[in-house]
Amino acid sequence: MSKPTAKSKSKTPPKSAAVPAPSDPTAAGAAAYADAQGEMIQLIAPDGTVTQPERLPDVSIRLRLYHLMRRARHFDERAWVLYRTGRMGVFPPYGGMEASQVGTAAALTPDDWLFPTYRDTGAALTYGLPLAQTIAYWRTSPHGWAMPENLKVLPFYIPIATQYPHAVGAALAERRRGTRNVAMAYIGDGGSSEGDFHEALNFAGALNAPCVFILQNNGWAISVPTRSQTRATNLSRRAEGYGIPGVRVDGNDVLATYRVTAEAVQRARDGEGPTLIETVTYRVKPHTVADDPSRYRTAEDTAGWDARDPVLRLRAHLLAEGHLTEEADAEITREIEAEFEEALRVADAYPEPTPAEILDHVFAEPTPQLVRQRAQILAEEGA
Amino acid sequence: MSKPTAKSKSKTPPKSAAVPAPSDPTAAGAAAYADAQGEMIQLIAPDGTVTQPERLPDVSIRLRLYHLMRRARHFDERAWVLYRTGRMGVFPPYGGMEASQVGTAAALTPDDWLFPTYRDTGAALTYGLPLAQTIAYWRTSPHGWAMPENLKVLPFYIPIATQYPHAVGAALAERRRGTRNVAMAYIGDGGSSEGDFHEALNFAGALNAPCVFILQNNGWAISVPTRSQTRATNLSRRAEGYGIPGVRVDGNDVLATYRVTAEAVQRARDGEGPTLIETVTYRVKPHTVADDPSRYRTAEDTAGWDARDPVLRLRAHLLAEGHLTEEADAEITREIEAEFEEALRVADAYPEPTPAEILDHVFAEPTPQLVRQRAQILAEEGA
Amino acid sequence: MTATPSPTQTKTLTTKTMTMVAAINDALALALERDPAVHIFGEDVGVMGGVFRATDGLQARFGAERVFDTPLAEAGIVGMGIGMGLAGLKPVAEIQFAGFLYPALDQVLSHLGRYRHRTRSRYHLPMVVRAPYGGGVHTPEQHADSPEAILAHTPGVKVVIPSTPADAKGLLLAAIEDPDPVFFFEAIKLYRSLKEEVPEGHYTIPLGKARVVTAGDDVTVITYGGMVEVAQKAADAARAHGIGVEVIDLRTLVPLDTETILASVQKTGRVVIVTEAPRTNGFHSEISATIAEEAIEYLRSPIVRVTGFDAPYPPFTSIEDVYRPNPVRVAKAIRQVMAY
Amino acid sequence: MTATPSPTQTKTLTTKTMTMVAAINDALALALERDPAVHIFGEDVGVMGGVFRATDGLQARFGAERVFDTPLAEAGIVGMGIGMGLAGLKPVAEIQFAGFLYPALDQVLSHLGRYRHRTRSRYHLPMVVRAPYGGGVHTPEQHADSPEAILAHTPGVKVVIPSTPADAKGLLLAAIEDPDPVFFFEAIKLYRSLKEEVPEGHYTIPLGKARVVTAGDDVTVITYGGMVEVAQKAADAARAHGIGVEVIDLRTLVPLDTETILASVQKTGRVVIVTEAPRTNGFHSEISATIAEEAIEYLRSPIVRVTGFDAPYPPFTSIEDVYRPNPVRVAKAIRQVMAY
Ligand SMILES: Cc1ncc(C[n+]2csc(CCOP(=O)(O)OP(=O)(O)O)c2C)c(N)n1
Ligand SMILES: Cc1ncc(C[n+]2csc(CCOP(=O)(O)OP(=O)(O)O)c2C)c(N)n1
Ligand SMILES: [Mg+2]
Ligand SMILES: [Mg+2]
């Protein structure tokens, strides 16, 4: 089987990056983990000790990832509080999955495409979706759906798995247009059972689309554990069925998720095709803020995962290695809080949509039918 | 990964079989080929010489398979001739793929389910679909759709891949009802790109459905070669993504297809779950009798496959080993021809359907709407 | 509202106050109890008992072989159900929301509706597909769709949409006992908002028989599911102004009870049809076309459709209610046909 | 039949005799030539040039990056097209037969029609999905479906169905240039059976404008696609009996040209609608409902629908023609509305 992994090796550094690509060329190649598919790639252990020192990203990257994870977590925590006070809609939390989302999305530039699911607010924030708009989205305000012109991020996907073929198309379009941009799409363990997952991975392989597919295996699809969703115990193996590289990574180790994703992005940019990355993580939180997991799982099920907290893990590492101090950490906290509260003020100021807006943006030019229907709504408003 | 292959070993012989299951217990286990997934299992070489003598099925089985292949080929050849003279509808030929269809279907009993595609007339005949009804199907007579009550074979499937989930459901139903019956479904290399393929394999694994999935990789999906359909070079590997055994077999070696299928059937009966079998074969014929392959492939593309003819291969083996004589072979020819001509007479005698039959069998009890619509057709006929 | 169920074969006379979701749960439990062929499956229907709790407690009571979670794949769910039906079981699948039926539409359009026909009744599919549908409760994007017209246009499948707890129970039991495929759409808005006395024990309400919710001589309002209560409110308001409104709850779109529709239209001569589905080619169109074909001579005014719009159901909570027909709109349509 | 194309922006005056499939091929070649964003893909559209040869020669001429075969998976085809559209290309997908669009319906219903709406026009999808549809040529099972009503009921997508070679070319070019998603259904029956003079070079026919095929004062027959020639034959026969039949070819179902429909109905007061789709809730219902709502005062007779049946299109060749409306049935309907 002529898998692209076999020869792949970063030829060119990425054009630009939210976080620069790893500078150590010896570790950048896919060959490094091509043989390790059965295992889970990990660079730092849950307690913060380094397990693969030679593959660690630069300190500046590590600090950046730490900041991004803290920021993502803060959003998650604040969203919860805001929901309780009626200032946020129903929100699917991702707390505990920050390494899986931040480490992967940080490997993109704003010229790349991001296709997030409802669970991936942390990834979207990392990619660059403005906080205020993100808040607006979760308040179901149209401002949250009208994505910024300078980014290529799509509103969070609700119908499971449907985003995967879109990523293939966007990636292929970039190639046809001669750019080096890539597309990244997220999916859950549950979502990977859908036919769209299969079709997309196969299309991407067959058409050599520069895609990075992130499969966040967080153990649950609402109430159904991964083991009931499939007999497979290693979802990254699915890649083999499409002749593309599959990587399994500790989804609570942000340095590992970042490293493998940056490498996959590089391969895609270099024309070597798609990669499937399974991030092994856990949904420690309920399915949404409105869900009660005690209906379907016990404390035992989740036991142990607090000790694998991705933010604390990197924090322990940075503190231990002297790259972070308690003071600097407190400063990060202040910065993040201020940024969020400012964004909240912006979001609070977004005007409410008017009723007739439900009929806007169906077609560039409304059909006669829509013109009439709009007039009806306006008449009702007038009345 | 705890793959069922690791422990699987036929525990009980099949209840009954069109062709009895292999009697050699040492070769019956899945372990024998669990390590050989990358390779293609073959028992006799294209010239008929035995490559794996220890795994050969009994002589009686070999002779039975030979007869069934000859019979299948005869149908294919006659269908073509009948088409030219307007006595048969458009027919998708399978000549050259007999080992792939006969060897697999021969491992079933009439208590098992068969879900064939339009290409799998050879499999359906082997399973036991009466010749006359098969002819009727390809004449698009309703008699060809009303399957016999004593068999569990479905009319040939036209919408690609849709049969795969059905097989899972039928298999699961058998288990729920406490039988040891299994379901077998066919698909093409092209069809394996559809989402239904993925969903079915995953469901079967997750729910431990006694299914055998036959993927006939015949190199082409109409005009598109397998290499353009996927980057994967070994489709049996897809099984790993579902945690189920995947087997790759020389699809022109009927002894090999029979052997691996009988083993997979046995595992399914024993409650060990599904298997994916990729039969590597070739569509030497056009897509249908109405297709002109010169529009999309050259003689070079198909060169070499005539030398791999499955019928001639087994014939050479049987002659060489003294299990078949030229006289016995001629007798088989006569038998097969007579059987077909008799079936043709039966099929010719099927009455033509009447116009109002297009509205029969929509519901057990026609809706008032259908009653009216039927009356309209009858009135037209009367007029 | 106090709808009168019309149980056809109930023996018990005792009733119990129930929400619609409780009535559905009750029907499912009875079906599992009465017929070992019945199997319930879908996403989160097992331990969790469904996102709306329609299957609450059923796995605990009937075991994980009869009531089970599937992988997350709707084509797989319906496709597997078809196979189970072919093999003689009675599959009762839950699709988590009607808007997530779309991945399964190939299995529906290619097979569910065709199997009896293509095998000349050698096989038939006694399958039920349940799905919550419709808006009004501020669900996330694509959780408020009303795709019933697509199914109604699919030969070989029946479409049932109850509007009260007692109807839901009797119709669901009838759907499960029906030898052919039935789509059973449950208005999310009605799951818990509505309680009524529901007969205990087993009874069925025949598919294909509409229910005259309130009688009236001036205007016929035809509707179903979540829109029945909306129509009733408008009818009540009109009655206060001396207009007699006959509200017809179709209960089943396929088979369609044209008899009840036409009888009412012949009496009133004025028709308003209410659905929350998108306007173009919704099931309201079929009802209107049927009347325009069969009873035009009785019409004293245009047939007015009060519907959703030719836009996606909006994901924007603060304005989503604009989309769904409300009693004011229906009342306006009633005035309009009266004023003609 | 000699239909008059109404090119809106044609500069060339020369014409060429073409079949519909040749006219479609011509339009696709022009689109590829004029706009580098146009990409054509689907099953067997490359080397083979499509099972009906609609893309014949295009890969050779424009390269395998612009015209390419995909793996066999319709959801993948439409889903990938959506991604290409998001990224600024103009995807023109071919689905091999309309009956094989079903696996892609999730992508259509969940996304194709919603993207402009959900992103408030930050993104829009200038995508065309072409598919052969309809019966009449004895294709295998499920190769003769007419699913246009499903698409017409889907907010955010347009639906175009040409009935002549010249229309096909002009409408297809308009569809490709349209900024929003367009379904383009091509009647298999008409691919080669019909030839006419087709203008050379580039021209478009605006979406949303019906064509009055033949004028008449007594009866309006409304139809589209493969049924236009059937309606015309019936109209010719009626004319021989002194009945003036106005045949309207809708050309596009969405947007629907109600203006042309209503103008004709106001004149004739009698309406027959012809489609080959299954009867319940076909697009004929929408047309009828629109008339019943907007022009009932002009009607002198019931609106009669001549349609397919509430059964799958039969796979049984010898009787399949019973399913599809024919000139005799349409003529009977014309007599019926005249006799009322
Ligand atoms: C097509 C579709 N089916 C069902 C749902 C309902 N649903 C929402 S989230 C979810 C579970 C998803 O699990 P997973 O893919 O593992 O993602 P996670 O929630 O764990 O991030 C389901 C079934 C949906 N949104 N879309
Ligand atoms: C869903 C669907 N899409 C498209 C087709 C049209 N079609 C019929 S056969 C075929 C190629 C199938 O190739 P493969 O699966 O390899 O089977 P083979 O014909 O080689 O046996 C196609 C595209 C179809 N029948 N169903
Ligand atoms: Mg999950
Ligand atoms: Mg093939």
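- Naming follows an unreviewed UniProt entry, where chain C appears as Transketolase, central region of Deinococcus phoenicis.
- Chain C has a UniProt comment under Cofactor (unreviewed entry) that states "thiamine diphosphate".

- Going by the annotation in an unreviewed UniProt entry, the name recorded for chain A is Pyruvate dehydrogenase E1 component subunit alpha, with Deinococcus phoenicis given as the source organism.
- Quoted verbatim from the Catalytic activity (unreviewed entry) field of the UniProt record, the comment on chain A reads "N(6)-[(R)-lipoyl]-L-lysyl-[protein] + pyruvate + H(+) = N(6)-[(R)-S(8)-acetyldihydrolipoyl]-L-lysyl-[protein] + CO2".
- Entered under Cofactor (unreviewed entry) in the UniProt record, the comment concerning chain A runs "thiamine diphosphate".

Let's talk about the overall build of chain A
Line of reasoning, step 1. Looking only at helices and strands, one finds 14 helices and 7 strands in chain A.
Line of reasoning, step 2. Counting across all 383 residues of chain A, residues that qualify as buried make up 65%.
Line of reasoning, step 3. Partitioning the contacts of chain A with sequence separation of at least 6, the portion at a separation of at least 24 is 75%.
Line of reasoning, step 4. Total accessible area computed for chain A in this model is approximately 12500 Å², and 53% of it derives from carbon and sulfur atoms.

With respect to the coordination of the magnesium ion (ligand 4)
Residues and elements named next belong to chain B.
Line of reasoning, step 1. Around the magnesium ion (ligand 4), the donor atoms from the protein are Asp189 (OD), Asn218 (OD1) and Trp220 (O), and they sit 2.1 Å away.
Line of reasoning, step 2. Site description for the magnesium ion (ligand 4): donor spacing in sequence, D-x28-N-x1-W. Of this pair, aspartate 189 sits in the loop between β2 (183-188) and α7 (195-207) while asparagine 218 sits in the loop between β3 (211-217) and β4 (220-221), and the two are 29 residues apart along the sequence.

Quick word on the coordination of the magnesium ion (ligand 3)
Residues and elements named next belong to chain A.
Line of reasoning, step 1. Only Asp189 (OD), Asn218 (OD1) and Trp220 (O) from the protein reach the magnesium ion (ligand 3) as donors, at distances of 2.1 Å.
Line of reasoning, step 2. Expressed as a motif, the donor residue spacing for the magnesium ion (ligand 3) is D-x28-N-x1-W. Here tryptophan 220 lies in strand β4 (residues 220-221) and aspartate 189 lies in the loop between β2 (183-188) and α8 (195-206), a separation of 31 residues in the sequence.
Line of reasoning, step 3. Given the relative accessible area of 3%, aspartate 189 is considered buried.
Line of reasoning, step 4. Tryptophan 220 sits in the buried class, given a relative accessible area of 8%.

Observations regarding the pattern of salt bridges
Line of reasoning, step 1. As enumerated under the stated definition, the model contains 94 salt bridges over all chains in all.
Line of reasoning, step 2. As a salt-bridge pair, aspartate 329 of chain B and arginine 70 of chain B come within 2.8 Å of each other at their nearest N and O atoms. Pair noted here: aspartate 329 of chain B is in helix α12 (residues 326-349) and arginine 70 of chain B is in helix α2 (residues 59-84), with a separation of 259 residues, a long-range link. For the residue pair aspartate 329 of chain B and arginine 70 of chain B, the accessibility class agrees, reading buried in each case.
Line of reasoning, step 3. For arginine 130 of chain C, the salt bridge identified is with glutamate 186 of chain C, shortest N-O distance 2.7 Å. Taken as a pair, arginine 130 of chain C in strand β5 (residues 128-133) and glutamate 186 of chain C in strand β7 (residues 182-187) lie far apart in primary sequence, 56 residues in all.
Line of reasoning, step 4. A residue is classified by how much of its surface remains accessible, and arginine 130 of chain C, at 1% relative accessible area, is buried.
Line of reasoning, step 5. What makes glutamate 186 of chain C buried here is its relative accessible area of 0%.

Structural notes on the site of ligand 2
Line of reasoning, step 1. If you check the shell around ligand 2, you find 20 residues, and the closest are Tyr118, Arg119, Gly191 and Trp220 of chain B together with Glu74 of chain D.
Line of reasoning, step 2. Ligand 2 sits at the junction of chains B and D, each of which supplies nearby residues.
Line of reasoning, step 3. Between ligand 2 and the protein, one listed contact pairs an oxygen atom with a side-chain N or O atom of aspartate 189 of chain B at 2.9 Å.
Line of reasoning, step 4. For ligand 2, the accessible surface in isolation is 580 Å², of which the surrounding protein chains cover 95%.
Line of reasoning, step 5. Per-class residue counts for the shell around ligand 2 are 9 nonpolar, 6 polar and 5 charged.

Describing the relation of the copies chain C and chain D
Line of reasoning, step 1. Rotating chain C by 180 degrees and translating it 0.0 Å along the rotation axis places it on chain D, where the RMSD comes to 0.0 Å. Taken together, the rotation and translation describe the operation of a two-fold axis.
Line of reasoning, step 2. Of the residues that chain C buries at the interface, 100% are likewise interface residues in chain D, meaning the two copies contact each other through the same surface.

What to know about the UniProt feature "domain: Dehydrogenase E1 component" (unreviewed entry) in chain A
Line of reasoning, step 1. Per the UniProt record, "domain: Dehydrogenase E1 component" (unreviewed entry) is annotated on residues 67-355 of chain A.
Line of reasoning, step 2. Helix makes up 44% of residues 67-355 of chain A and strand 11%, whereas the separation of the span's terminal C-alpha atoms amounts to 40 Å.

Re the sheet that holds strand β10 (residues 219-223) of chain D
Residue and element names in this part refer to chain D.
Line of reasoning, step 1. As summarised here, the arrangement of the 5 strands in space is β9-β11-β10-β13-β14, forming an open sheet in which the pairing is mixed. Of all the strands in the sheet, just β9 (211-214) and β14 (304-306) have a single pairing partner and so form its edges. Between one strand and the next, the sheet's axes are offset by a mean angle of 25 degrees, whatever the strand orientation.
Line of reasoning, step 2. Summarising the sheet, β10 and strand β11 (residues 245-249) pair through 5 bridges and their orientation is parallel. Looking at β11, one finds that valine 221 is bridged to valine 247.
Line of reasoning, step 3. Packed on one face of the sheet, helix α8 (residues 228-240) meets β9, β10 and β11 and runs near 170 degrees to β11.
Line of reasoning, step 4. Strand contacts of helix α12 (residues 327-339): β10, β11, β13 (271-274) and β14, with the helix running at about 175 degrees to β14, the strand carrying the most contacts.

Thoughts on the interface of chain C and chain D
By a widely used convention, the size of an interface equals the accessible area lost when the partners come together.
Line of reasoning, step 1. Chain C puts 50 residues into the contact, and the matching count from chain D is 50 residues.
Line of reasoning, step 2. Between chain C and chain D, roughly 4400 Å² of surface is buried when both sides are summed, and carbon and sulfur atoms account for 57% of that area.
Line of reasoning, step 3. Looking only at chain C, the three residues that lose the most surface to chain D are His153, Asn281 and Glu293 of chain C, adding up to 17% of its buried area.
Line of reasoning, step 4. Summed over the shared surface of chain C and chain D, the result is 10 salt bridges.
Line of reasoning, step 5. For arginine 305 of chain C, the salt bridge goes to glutamate 293 of chain D, with nearest N and O atoms at 2.9 Å.
Line of reasoning, step 6. Counting residues per element, the ones that place at least two in the side of chain C that touches chain D are α4 (105-112), α5 (115-118), α6 (148-152), α10 (283-294) and β14 (304-306) of chain C.
Line of reasoning, step 7. Looking at which element gives the most residues to the side of chain C that touches chain D, the answer is α10 of chain C, with 8 residues.

A look at the interface of chain A and chain C
Line of reasoning, step 1. Listed per partner, the contact involves 36 residues of chain A and 32 residues of chain C.
Line of reasoning, step 2. Interface area, chain A with chain C, both sides summed: about 2800 Å², of which 61% is carbon and sulfur.
Line of reasoning, step 3. Looking only at chain A, the three residues that lose the most surface to chain C are Ile158, Arg295 and Ile358 of chain A, adding up to 24% of its buried area.
Line of reasoning, step 4. Our count for the contact surface shared by chain A and chain C stands at 1 salt bridge.
Line of reasoning, step 5. Between glutamate 380 of chain A and arginine 329 of chain C there is a salt bridge; the shortest N-O distance is 2.6 Å.
Line of reasoning, step 6. Between the two partners, chain A and chain C, sit 9 residue pairs in polar contact (both at pLDDT 80 or more).
Line of reasoning, step 7. When residues of the side of chain A that touches chain C are traced back to their parent elements, those giving at least two are α9 (226-229) and α14 (368-382) of chain A.

A word on the domain arrangement of chain A
Line of reasoning, step 1. Looking at the assigned domains, one finds that chain A contains domain 1 (28-352) and domain 2 (355-383).
Line of reasoning, step 2. Taking the mean C-alpha position of each, domain 1 of chain A and domain 2 of chain A sit 38 Å from one another.

Observations concerning the UniProt feature "domain: Transketolase-like pyrimidine-binding" (unreviewed entry) in chain C
Line of reasoning, step 1. Summarizing the sequence annotation, UniProt attributes the feature "domain: Transketolase-like pyrimidine-binding" (unreviewed entry) to residues 18-193 of chain C in the numbering used throughout.
Line of reasoning, step 2. Taken end to end, residues 18-193 of chain C has its terminal C-alpha atoms 10 Å apart, with 36% of it in helix and 16% in strand.

Some thoughts on the sheet that holds strand β13 (residues 271-274) of chain C
Within a sheet, neighbouring strands are paired by backbone hydrogen bonds and run either parallel or antiparallel to one another.
All names here are of chain C.
Line of reasoning, step 1. The strand order across the open sheet formed by 5 strands is β9-β11-β10-β13-β14, and the pairing between neighbours is mixed. Two strands close off the open sheet at either side, each with one partner strand: β9 (211-214) and β14. Looking at each pair of strands side by side, their axes are set apart by 25 degrees on average, direction ignored.
Line of reasoning, step 2. Lying over the sheet, α10 contacts β10 (219-223), β13 and β14, oriented at roughly 160 degrees with respect to β13.

Some remarks on the nonpolar core
Line of reasoning, step 1. Ranked by size, the top nonpolar core spans 430 residues in total, and within it Phe75 of chain A, Phe75 of chain B, Leu250 of chain C together with Leu250 of chain D carry the most contacts.
Line of reasoning, step 2. Excluding anything up to four places from it in sequence, leucine 250 of chain D contacts Lys209, Ala210, Ile222, Thr223, Tyr224, Leu256, Ile261, Phe283 and Ile287 of chain D.

What to know about the packing of helix α4 (residues 98-105) of chain A against helix α10 (residues 254-269) of chain A
Two packed helices can be described by the angle between their axes and the distance between those axes.
Residue and element names in this part refer to chain A.
Line of reasoning, step 1. Viewed as axis vectors pointing N to C, α4 and α10 meet at an angle of 35 degrees, and their least axial separation amounts to 7 Å. Here α4 runs over α10; the crossing is right-handed. Within the contact between the two elements, α4 uses Ala99, Ser100, Gly103 and Thr104 and α10 uses Val254, Thr257, Tyr258 and Thr261.
Line of reasoning, step 2. By residue class, the composition of the contact of α4 with α10 is 3 nonpolar, 5 polar and no charged.

Some remarks on the environment of alanine 277 of chain D
Line of reasoning, step 1. Along the chain, alanine 277 of chain D falls in the loop between β13 and α10 (283-294).
Line of reasoning, step 2. Judged by relative accessible area, which is 1%, alanine 277 of chain D ranks as buried.
Line of reasoning, step 3. Once residues within four sequence positions are removed from consideration, alanine 277 of chain D is found in contact with His153 of chain C together with Ser146, Glu148, His284, Thr307, Gly308 and Phe309 of chain D.

What counts, and where the lines are drawn
- Each chain carries its own residue numbering, running from 1 in the direction its sequence is written.
- For naming, the first written chain is A and the first written ligand is 1, with later ones following in the order written.
- Per-residue local features of the predicted model are confined to residues with pLDDT of at least 70, and side-chain atom pairs are confined, for both listing and counting, to 80 or more; whole-chain, interface and lining totals are unaffected and use all residues.
- Side-chain numbers here rest on the full set of heavy atoms in the structure, without hydrogens or water.
- UniProt positions are given in the numbering used here, feature names are shortened, and annotations may be inferred rather than shown by experiment.
- Where helices and strands are cited, they refer to DSSP runs of H or I of at least four residues and of E of at least two residues respectively, numbered from the N terminus.
- Each residue's exposure class comes from its accessible area (1.4 Å probe, protein chains only) as a fraction of the maximum for that residue type: buried when under 20%, exposed when over 50%, partly exposed otherwise.
- Residues are treated as being in contact if the distance between any of their heavy atoms lies within 4.5 Å.
- The accessible surface values rely on the Shrake-Rupley method and a 1.4 Å probe; as for residues, cover is taken only from the protein chains in view.
- Each metal's donors are the N, O and S atoms within 2.8 Å of it, or within 3.2 Å when it is Na, K or Ca, and because water is not part of the set, sites may look incomplete.
- A pairing counts as a salt bridge when a side-chain nitrogen of Lys or Arg comes within 4 Å of a carboxyl oxygen of Asp or Glu.
- Residues are labelled near a given molecule or strand when at least one of their non-hydrogen atoms is within 4 Å of it.
- Whenever two N or O atoms come within 3.5 Å, that pair is a polar contact, provided that in protein one can donate a hydrogen and the other can accept it, and provided that, for residues adjacent in sequence, both atoms are side-chain atoms.
- Note that Gly is not counted as nonpolar here; it falls among the polar residues with everything else outside the nonpolar set of Ala, Val, Leu, Ile, Met, Phe, Trp, Tyr, Cys and Pro and the charged set of Asp, Glu, Lys and Arg.
- Fitting of the copies onto one another was done by least squares over C-alpha atoms, counting residues only where both copies have pLDDT of at least 70.
- Pairing between strands requires that DSSP locate at least two bridges from one strand to the other.
- To get an axis, a line is fitted to the C-alpha atoms, and for a helix only the part in contact is used. The angle between two axes follows their N-to-C directions and goes from 0 to 180 degrees.
- Throughout, the accessible surface (probe 1.4 Å) given up by two parts as they are put together, summed over both, is called the buried area.
- All the domain ranges listed were derived from an automatic or database domain assignment.
- In these notes, a set of buried Ala, Val, Leu, Ile, Met, Phe, Trp, Tyr and Cys residues joined through side-chain atoms within 4.5 Å is what counts as a nonpolar core.
- Left-handed describes a crossing in which the near helix is turned anticlockwise from the far one by less than a right angle; the clockwise case is right-handed.

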